Amino acid sequence: MLIQYRWLPAVIASVALAVPVAVVGTQPITTAADAGQVPDPAATLVSIDPVRVGKDSGQPMDIRITAPIQGEHLSVVVLSHGNQLSRTDYAPLVRHLAAHGYVVVQPDHPDASVDGLMPPGEQPADTWLIRVRQLAWLAQNIGAIVDATPLLEGRIDVTRMAVIGHSFGGHSAALVMGAGSGAQRQRFDVPAYRAAILLAPPGNFDGLTDAWKQRAPYLAMDWSTMRGPVLTVNGSADMTPLTDQGAAWHDDVWKQAPRGRVMCLMTVAGAGHYLGGIDSFLRAPQGDATVERRTRVFGVVTAFLDAALSPARGADFKPQGDDLECK
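Cut-offs used in this document
Residues numbered from 1 in each chain as written. Predicted model: local features only at pLDDT ≥ 70, side-chain atom pairs only at ≥ 80, totals over all residues. Heavy atoms only, no water. Salt bridge = Lys/Arg side-chain N within 4 Å of Asp/Glu carboxyl O. Helix = DSSP H or I, 4+ residues; strand = E, 2+ residues; numbered from the N terminus. Buried < 20%, exposed > 50% of the residue type's maximum accessible area, 1.4 Å probe, protein only. Pairing = 2+ DSSP bridges. Core = buried A, V, L, I, M, F, W, Y, C linked by side-chain atoms within 4.5 Å. Contact = heavy atoms within 4.5 Å. Axes fitted to C-alpha atoms, helices over the stretch in contact; angles between N-to-C directions. Parallel < 35°, antiparallel > 145°, perpendicular 65-115°, else oblique. Left-handed = near helix turned anticlockwise from the far one by under 90°. Nonpolar A, V, L, I, M, F, W, Y, C, P; charged D, E, K, R; others polar.

Draft legend 1. Structural view of the pattern of salt bridges. Tallied over the full model, the rule gives eleven salt bridges. Its salt-bridge partner being Arg131, residue Asp111 comes within 3.1 Å of it at the nearest N-O pair. Here the residue Asp111 occupies a position in the loop between strand E5 (102-107) and helix H3 (127-147), and Arg131 occupies one in helix H3, the gap between them amounting to 20 residues. Accessibility expressed as a relative area gives 0% for Arg131, which makes it buried.

So, in structure tokens, the structure goes:
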């Protein structure tokens, strides 16, 4: 069961909000990394939205927080949305993670849609950079955000934090894991993120069409400096207008990442850009979303996070199945 709290603009002094929350009793949930448990479909989850943070930092944003009502020493996952999506998307994935014992933080980036409507006007040319700075700010201030939220106070281990990025968010997540921006000759490594999962991230700049090379110079990347553990998940039917190279273009992140740092690639047969249903069964292309694909993706995602955020830091992740390989 999901309980949602919507608090209008309300909130934050310098960092986060502090509004009393009603606690609803349910079955206890311990941390996934400690218990190695499967998600509890009967778990009561809470979603707090919107929470406005960073007002005085130059990185103001609205975030959504979804968490199990009970449980201690919970790990944190920051979920970076795709281009013109928002903090309100990815509900199936978010609920799965929260039921598995994770606190999921979803920021709105500058390109976020509002209630399904595209943002007005042109996106800032440095949207990609603002995204990275927002992820860095969240990593640095997650403790203050947690302490200001009564539901979460004292229940989170802020030393166990990972980032997940879908599509454009995969680009953002790779940068905070130490990948270099070839266009700017910059690196934005944020060590607080101990692991990353890149869902259908963009591939190599050289594979872009000429039009997209003009539009997106920030997609020139150097993944050779990216640290692990990193799991990349792509769909074998993910055809994007950004490239003429087909679905395999998305694999460039993994192919060009260094060996020996727990770099893994999962290829979801027949899945498109939403990987068989990470957001909704209604997302295009129709027909690629199935219960089987979603179950497989969600299972590998949580297994990877459990291993990466445990004391072994990824050493216990054992790839199983023909669709998954690590280097």
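Draft legend 2. Seen up close, the sheet that holds strand E8 (residues 186-187). Pairing is antiparallel in the open sheet, where three strands are placed in the order E8-E7-E10. The sheet is open, and its two edges are formed by E8 and strand E10 (221-222), each paired on a single side. Strand direction decides the pairing type here: strand E7 (residues 180-181) and E8, joined by two bridges, are antiparallel. Among the inter-strand pairings, Gly180 is bridged to a residue of E8, identified as Arg187.

Draft legend 3. Structural context of the nonpolar core. In this structure, Ile63, Leu138, Tyr193 and Met226 are the most contacted members of the largest nonpolar core, which totals 59 residues. With eleven residues, H3 is the single largest residue contributor to this core. Not counting chain neighbours up to four residues away, the residues in contact with Ile63 comprise Ile48, Asp49, Pro50, Val51, Val53, Arg87, Val105, Gln106, Pro107, Leu138 and Ile145. Residues Ile197, Cys264, Met266 and Ala307 belong to the second largest nonpolar core, which totals 34 residues.

Draft legend 4. A look at the packing of helix H2 (residues 91-99) against helix H7 (residues 291-308). Contact geometry of H2 with H7 gives a least axis separation of 11 Å together with a crossing angle of 45°. In terms of orientation, H2 lies oblique with respect to H7. Considering only the axes of H2 and H7, their crossing is right-handed. From H2, Pro92, Leu93, His96 and Leu97 reach across to H7, where they touch Arg294, Phe298, Val301, Thr302 and Leu305. Here the residues of the contact of H2 with H7 are counted per class, giving six nonpolar, two polar and one charged.

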